[in-house]
Amino acid sequence: MDADYDTMDEAVHTVFSHFDSPQQEVLIKPNLLGGFPTEQHVTTHPSLVKALVVYCEGENLDITVGDNPAGRGNLMGKAKRTGLYQASQGHFKDISDGEKISVESDYFSELVVSKKVLYTDYVLNVPKFKTHIQTIITGAIKNMFGMLPGEEKSTIHCKARSLKDFSRALVDIYRVRPPDLTVMGAVIGMEGNGPSSGKLRQIGKVIASDNGVELDAVMAHMMGLDPHNIPMLEYAHEKGLGEISIEDIDIRGELIEVKGFKVPSKTLVRFVTPLSSGYYNFLAIRPRLNRKKCVQCWECVEKCPVSALHRNEYPHIERNKCVSCFCCVEVCEHHAMEVPSRARDLFDRFFLQGVT
Ligand code: SF4
Ligand code: SF4
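Residues numbered from 1 in each chain as written. Chains lettered and ligands numbered in written order. Predicted model: local features only at pLDDT ≥ 70, side-chain atom pairs only at ≥ 80, totals over all residues. Heavy atoms only, no water.

Asks: Teacher, can you tell me more about the overall build of the chain here?
Replies: In terms of helices and strands, the chain carries 14 helices and 13 strands. Expected size for 356 residues packed as a compact globule is a radius of gyration near 21 Å; at 19 Å, the chain falls within 12% of this value. A principal-axis box enclosing the C-alpha atoms of the chain has dimensions of 60 × 40 × 40 Å. Here the chain holds 356 residues, and the buried ones make up 59% of them. Within the chain, residue pairs in contact and separated by at least 24 positions form 73% of the contacts whose partners lie at least 6 positions apart. Of the accessible surface of the chain, which amounts to about 14,900 Å², a share of 47% is contributed by carbon and sulfur atoms. (Helix = DSSP H or I, 4+ residues; strand = E, 2+ residues; numbered from the N terminus. Rg over C-alpha atoms; globule rule 2.2 N^0.38 Å. Buried < 20%, exposed > 50% of the residue type's maximum accessible area, 1.4 Å probe, protein only. Contact = heavy atoms within 4.5 Å. Areas by Shrake-Rupley, 256 points an atom, 1.4 Å probe, with all protein chains shown as cover.)

Asks: I keep staring at the packing of helix α1 (residues 8–18) against helix α2 (residues 46–58) and nothing clicks. Help me out?
Replies: Two quantities define a packed helix pair, namely the angle between the axes and the distance from one axis to the other. The interhelical angle for the contact between α1 and α2, taken along N-to-C directions, is 55 degrees, at an axis separation of 9 Å. In terms of their interaxial angle, α1 and α2 are classed as oblique. Judged by the sense of rotation from one axis to the other, the crossing of α1 with α2 is right-handed. Residues Met8, Asp9, Val12, His13 and Phe16 of α1 pack against Ser47, Leu48, Ala51, Leu52 and Tyr55 of α2. The class makeup of the residues in the contact of α1 with α2 is 7 nonpolar, 2 polar and 1 charged. (Axes fitted to C-alpha atoms, helices over the stretch in contact; angles between N-to-C directions. Parallel < 35°, antiparallel > 145°, perpendicular 65-115°, else oblique. Left-handed = near helix turned anticlockwise from the far one by under 90°. Nonpolar A, V, L, I, M, F, W, Y, C, P; charged D, E, K, R; others polar.)

Asks: Hey, could you run me through the domain arrangement of the chain in this one?
Replies: Many structure descriptions define interface size as the accessible area lost when the parts assemble. Partitioning the chain into structural domains gives domain 1 (5–248) and domain 2 (278–351). Between domain 1 and domain 2, the contact holds 23 residues from the first and 18 residues from the second. Counting across the domain 1 and domain 2 interface gives 3 salt bridges. A salt bridge links Lys78 to Glu299, with the shortest nitrogen-to-oxygen separation between them at 3.0 Å. At the boundary of domain 1 with domain 2, the tally comes to 10 residue pairs in polar contact (both at pLDDT 80 or more). (Domains from an automatic or database assignment. Salt bridge = Lys/Arg side-chain N within 4 Å of Asp/Glu carboxyl O. Polar contact = N/O pair within 3.5 Å; in protein donor to acceptor, adjacent residues only side chain to side chain.)

Asks: What is the right way to look at the site of ligand 2 in this model?
Replies: Around ligand 2 sit Pro287, Cys304, Pro305, Val306, Leu309, Cys322, Val323, Ser324, Cys325, Phe326, Cys327 and Cys328, and those are all the residues in its vicinity. Grouping the constituent residues of the shell around ligand 2 by class yields 11 nonpolar, 1 polar and no charged. (Near = heavy atom within 4 Å.)

Asks: What's the story with the pattern of salt bridges in this structure? I'm lost.
Replies: Applying the stated criterion across every chain yields a total of 16 salt bridges. Residues Lys205 and Glu254 are paired through a salt bridge, measuring 3.9 Å at the closest nitrogen-oxygen approach. Here Lys205, found in strand β9 (residues 199–209), pairs with Glu254, found in the loop between α10 (231–238) and α11 (278–283); they are 49 residues apart in sequence, far enough to count as distant. With a relative accessible area of 7%, Lys205 lands in the buried category. For Lys293, the salt bridge is made with Glu338, and the minimal N-O distance between the two is 3.7 Å. Of this pair, Lys293 sits in the loop between β10 (288–289) and α12 (299–303) while Glu338 sits in strand β13 (residues 337–338), and the two are 45 residues apart along the sequence. The partly exposed category is assigned to Glu338, whose relative accessible area is 25%.

Asks: Any chance you could explain the site of ligand 1 here in plain terms?
Replies: Around ligand 1 sit 13 residues, and of these Cys294, Cys297, Trp298, Cys300 and Cys332 come closest. Counted by class, the shell around ligand 1 contains 10 nonpolar, 2 polar and 1 charged residues.

Asks: I tried to follow the environment of His221 on my own but got confused; where do I start?
Replies: Counting through the fold element by element, His221 comes out in helix α9 (residues 212–222). By relative accessible area, His221 is classed as partly exposed at 23%. Taking C-alpha positions, His221 is 9.3 Å from Ser245, a pair spaced 24 residues apart along the chain. With residues near it in sequence (within four places) discarded, His221 still touches Ile246, Leu255 and Glu257.

Asks: Teacher, can you tell me more about the side chain of Thr138 here?
Replies: With respect to the helices and strands, Thr138 occurs in strand β7 (residues 136–138). With residues up to four places along the chain from it excluded, the contact list for Thr138 reads Lys128, Lys130, Thr131, His132, Pro195 and Met219.

Asks: Just checking my understanding: could you explain the nonpolar core for this structure?
Replies: Soluble globular proteins: nonpolar side chains tend toward being buried together. Formed by 52 residues in total, the largest nonpolar core has its most connected members in Phe129, Ile137, Ile156 and Leu233. Counting residues in hydrophobic clusters, the runner-up holds 32 residues, among them Met8, Ala11, Val53 and Val183. (Core = buried A, V, L, I, M, F, W, Y, C linked by side-chain atoms within 4.5 Å.)

Asks: I keep staring at unusual backbone geometry and nothing clicks. Help me out?
Replies: Most peptide bonds adopt trans geometry, and most residues besides glycine take a negative phi value. For the bond from Gly194 to Pro195, the omega torsion is 15 degrees, close enough to zero to count as cis. Here Pro195 shows up in the loop between β8 (181–191) and β9. Unusually for a residue other than glycine, His41 sits at a positive phi of about 55 degrees. Of note, His41 is situated in the loop between β1 (25–30) and α2.

Have a look at this one:
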């Protein structure tokens, strides 16, 4: 439906006129990737979360608002910077307390999952309309990656290193606890090299579905992508989690395509794996540090799943160890870790060897 940040209450009431409301308790799970200021539109917009909280308060529900961000520490500080803490009206909680469970997957047999996600009656997933340099899109499925607390997320990057494997691992995690309802903020979306370093695009929509896979397929279509070409969606469909052909999805409201929407370059979406050929490895670009923006917070060093980043005067990338997962780019709240163009990457490789 059409929406803007001033009419979120209206949008939320329209959503619940089409879908069942929670009955007793609800976990509102926004995208809290990190402590990015509201105006950067990296995280779920507070006005949508506030409207959902107000609606749930009106239904006398037991409400929790929470997520497990990518970076380490200072959860409340991050939530405050995004405006999500304030939007929660006192319901924001730390949901990092986890429990080990058995999981059916080619990549792991056990996972530590946030207890709040496992045991809350109703999970209300609130992602953003964005691209993702690793998985092409990030929406309902990828937002549920946040059910894994802290370090558990990093281990997945080590276990599933290609686009196909990582996409499948994300779907296996989503299958642990698919959300009861997904309400996606798409008033302002992100194109290009999301989820934190892309460009903003006005879209003017809120999109809702009780099937997150189908919602992601609609988002992909709106981005001008064929959902069947997104490994995450193709695998989710294969697992029986939802339809991904637009003609098979029951869509109410106008389906638009955002003209000229930019998605991450296919040649950039390339992970390095132990089986990567030399050619493949050569093509994979590595992140680049912009020292002028770096505040030496070391969040990227902590987050790197293969310990390819080290503390020097500034973070130093060990090129041969780096698997091009771009977690360091994603987690850097100062946008100091960048995704270089191929030309820039080649220049760095041959002329600045050894320089951070
Ligand atoms: S690159 Fe970003 S995350 Fe890493 S130390 Fe610098 S500011 Fe912190
Ligand atoms: S340096 Fe960055 S891109 Fe390379 S493996 Fe570490 S987190 Fe991933």
